[in-house]
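What follows is each chain in one-letter form.
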Amino acid sequence: MSKINGIGPFSRRAFLRSAATLGAAALAAPALAQNATPLEALINDRSRGNWDDQFDAKAAARTAAAVQSNAPILGPDSVPNIQQAIAQYQNIVANGGWPQINPTSQQPLQLGVTDPSVQSLRQHLMITGDLPREAGISSAFDSYVDGAVKRFQARHGLPADGVMGDFTLKAMNIPANVRLQQLNTNLVRLQTFPSDLGRRHVMVNIPATRVEAVEDGQVALRHQAIVGRESRPTHIINSKIYEVILNPYWTAPRSIVVKDIVPLMRKDPTYLTKNNIRLIDSKGQEVAPETIDWNSDKAPDLMFRQDPGKTNAMASTKINFHNPNNEYMHDTPEQGLFNKLMRFDSSGCVRVQNVRDLATWLLAETPGWPRQHIEQVISSRVNTPITLASEVPVYFVYISAWSARDGIVQFRDDIYNLDGNSQLALNTTQGMEQPVQ
């Protein structure tokens, strides 16, 4: 056994066995011919120096994009696909796993950097199939490594910037046997779903913060989403979408009334008026805010209902499905939240980016609701509930590891700590906003 750059024991023989075993796997690049060409010999020559960062820059950009697929996460091939991934990771574990990455300098590992730990990084990426073996082993972070890191990041739901930041390093240093365990855990979850999910259905994958609209076995739409934080998780449920509401009202939950709105009214008596929130009593009558004693120990027993409009917490659209948790999907006026690294920020409901596209798709088989009419109604700011002609199945799932038919294995942060190993929760939920639902 040998030590590589101070990262602990890792057998070179085990690495070569792993790389050879994975050469034919779906994730790996095509294997080298037995007799290396002069170019391949040059690439693998360790004495060639650091000029290899000039190679194949366009390929680096293509590798991350190639991770996207039109195949849905849930489908008839989900179980055999993840079983194939399990077999692949069993081989990786049996051959010694992959090396840990411990950069030796303070400078982040990225394109153009030379660091001894890049040798271990190259080995790791070859074993996982993200880096072709012809890239060779050297200390240079060249365009091959840049593309491979971007591919790894895309497979793990991280920004594909090619920089070995804290979260990328954490994800890469999760041992192979732990990833194998994660795959086995998700196999059990996938086995619980019926083979027929419905010709048209919606899937909300909580750890991936992703919404898929699936039609005839293909992903018709894919949306970024914001789901519940760990303390207010989005519930796992199989249900049916029955209604789309354009220009919805938003009714503030009691907890927000007590913790947020009443203190704000004490500071600014015009807060409700500024935010188009009306007070409604049990008889449906509106109550003037100035008639309420906002310094009372108890919050008023009234409905706090926000009118439709741009400032409405649900913005343009609300999507209702049958559930006992008072959860729903909706738009948001805070579109910048979709740019966050990890989007576990809500109080249980699911905010959907470009939700009007999803609403249009849901209403495609409900007569009289083309996109143009939907936009006209939204512009009117008139509350308009629409019952779907046919209810659409919706699956709220917790799939933190999966593989599509293309053989690309994907992993996500175990935000709710349901996978049975603390190493799988990367603690990527920083800077959470205040709840609005």
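As shown above, the structure is provided for reference.
No experiment lies behind these values; they were computed from the predicted model shown. (Residues numbered from 1 in each chain as written. Predicted model: local features only at pLDDT ≥ 70, side-chain atom pairs only at ≥ 80, totals over all residues. Heavy atoms only, no water.)

Caption draft 1: The arrangement of the overall build of the protein in detail. Tallying secondary structure elements over the protein gives twelve helices and 15 strands in all. Out of the 437 residues in the protein, the part that is buried amounts to 53%. Within the protein, contacts between residues at least 6 apart in sequence are counted, and of these 69% link residues at least 24 apart. (Helix = DSSP H or I, 4+ residues; strand = E, 2+ residues; numbered from the N terminus. Buried < 20%, exposed > 50% of the residue type's maximum accessible area, 1.4 Å probe, protein only. Contact = heavy atoms within 4.5 Å.)

Caption draft 2: Representation of the side chain of D414. The topology assignment puts D414 in the segment after β15 (409-411). Despite its burial, D414 pairs with no opposite charge, the nearest such side chain being R189 at 5.6 Å. Beyond its immediate sequence surroundings of up to four residues, D414 is in contact with Y398, D419, G420, N421, L424 and A425. (Lys, Arg positive; Asp, Glu negative; His and termini not counted. Salt bridge = Lys/Arg side-chain N within 4 Å of Asp/Glu carboxyl O.)

Caption draft 3: Quick peek at the pairing of strand β6 (residues 277-280). By the bridge criterion, four bridges tie β6 to strand β8 (residues 303-306) in an arrangement that is antiparallel. Residue pairing for β8: L279 is matched across the bridge by F304. Bridging between β6 and strand β7 (residues 286-287) involves two bridges; their strand directions are antiparallel. The residue bridging L279 from the neighbouring strand is V287, located in β7. Hairpin remark: β6 followed by β7, antiparallel, with five residues in the connecting loop; positive phi at G284, about 85 degrees. (Pairing = 2+ DSSP bridges.)

Caption draft 4: The arrangement of helix α6 (residues 143-155) in detail. In a regular helix each residue adds 1.5 Å, so 13 residues correspond to 18 Å; α6 covers 18 Å between its end C-alpha atoms and thus fits that length. The buried fraction of α6 amounts to 13 of the 13 residues, a majority that puts the element mostly inside the structure. Between the side-chain oxygen of the N-cap and the backbone nitrogen of Y144 there are 3.0 Å, and the N-cap of α6 in question is D142. Phi turns positive, to about 70 degrees, at G157, one or two residues after α6. (Expected span 1.5 Å × (residues − 1). Polar contact = N/O pair within 3.5 Å; in protein donor to acceptor, adjacent residues only side chain to side chain.)

Caption draft 5: Focus on the packing of helix α11 (residues 355-362) against helix α12 (residues 371-380). Running from N to C, α11 and α12 cross one another at 125 degrees; their axes reach a closest spacing of 10 Å. On the basis of the axis angle, α11 is oblique to α12. Like other packed secondary-structure pairs, α11 and α12 cross with a definite hand, here right-handed. Across the interface between the two elements, R356, D357, A359 and T360 from α11 touch R371, I374, E375 and I378 from α12. Looking at the contact of α11 with α12, its residues break down into three nonpolar, one polar and four charged. (Axes fitted to C-alpha atoms, helices over the stretch in contact; angles between N-to-C directions. Parallel < 35°, antiparallel > 145°, perpendicular 65-115°, else oblique. Left-handed = near helix turned anticlockwise from the far one by under 90°. Nonpolar A, V, L, I, M, F, W, Y, C, P; charged D, E, K, R; others polar.)

Caption draft 6: Geometry of the nonpolar core. Grouped together as the largest cluster of nonpolar side chains are 34 residues, with contacts concentrated most on V202, I241, M329, V350, L358 and L362. When neighbours within four sequence positions are excluded, V350 is seen to be in contact with V204, V211, A225, I226, V227, T234, Y328, M329, H330 and F396. Core analysis: the second largest hydrophobic core is formed by 25 residues, I73, L74, A85 and W402 among them. (Core = buried A, V, L, I, M, F, W, Y, C linked by side-chain atoms within 4.5 Å.)

Caption draft 7: Spotlight on the environment of H124. Within the secondary structure layout, H124 lies in helix α5 (residues 117-127). The exposure class of H124 is buried, given its relative accessible area of 1%. Here the alpha-carbon distance between H124 and I101, two residues 23 residues apart in the chain, equals 8.3 Å. Here H124 is in contact with W98, P99, I101, F152 and M172, once residues within four sequence places are set aside. There is a polar contact of 2.8 Å between the side chain of H124 and the backbone oxygen of M172.

Caption draft 8: Representation of the pairing of strand β2 (residues 210-215) in the model. β2 sits mainly inside the fold: five of its six residues count as buried. Relative to β2, strand β1 (residues 200-205) is paired through six bridges, and the arrangement is antiparallel. Paired with M203 across the strands is E212, a residue of β2. For β2 and strand β3 (residues 218-228), the ladder comprises six bridges, and the chain directions are antiparallel. Its bridge partner being in β3, V214 is matched across the sheet by V219.

Caption draft 9: A look at the pattern of salt bridges. Under the counting rule described, the total for this entry stands at 18 salt bridges. Between R356 and E375 there is a salt bridge; the shortest N-O distance is 2.5 Å. With R356 in helix α11 and E375 in helix α12, this residue pair connects regions lying 19 residues apart in the sequence. On the basis of relative accessibility, which here comes to 22%, the residue E375 falls in the partly exposed class. Among the charged side chains, a network of salt bridges with common partners joins R199, R200, E215, D216 and E365.

Caption draft 10: Representation of the sheet that holds β8 in the model. One open sheet accounts for four strands, arranged β5-β8-β6-β7; its pairing is antiparallel. Because the sheet does not close on itself, it has two edges, and the strands there are β5 (250-251) and β7.

Caption draft 11: Spotlight on unusual backbone geometry. One non-glycine residue, N354, lies in the positive phi region at around 55 degrees. In this fold, N354 is placed in the loop between β12 (350-352) and α11. For N354, a relative accessible area of 48% translates into the label partly exposed.

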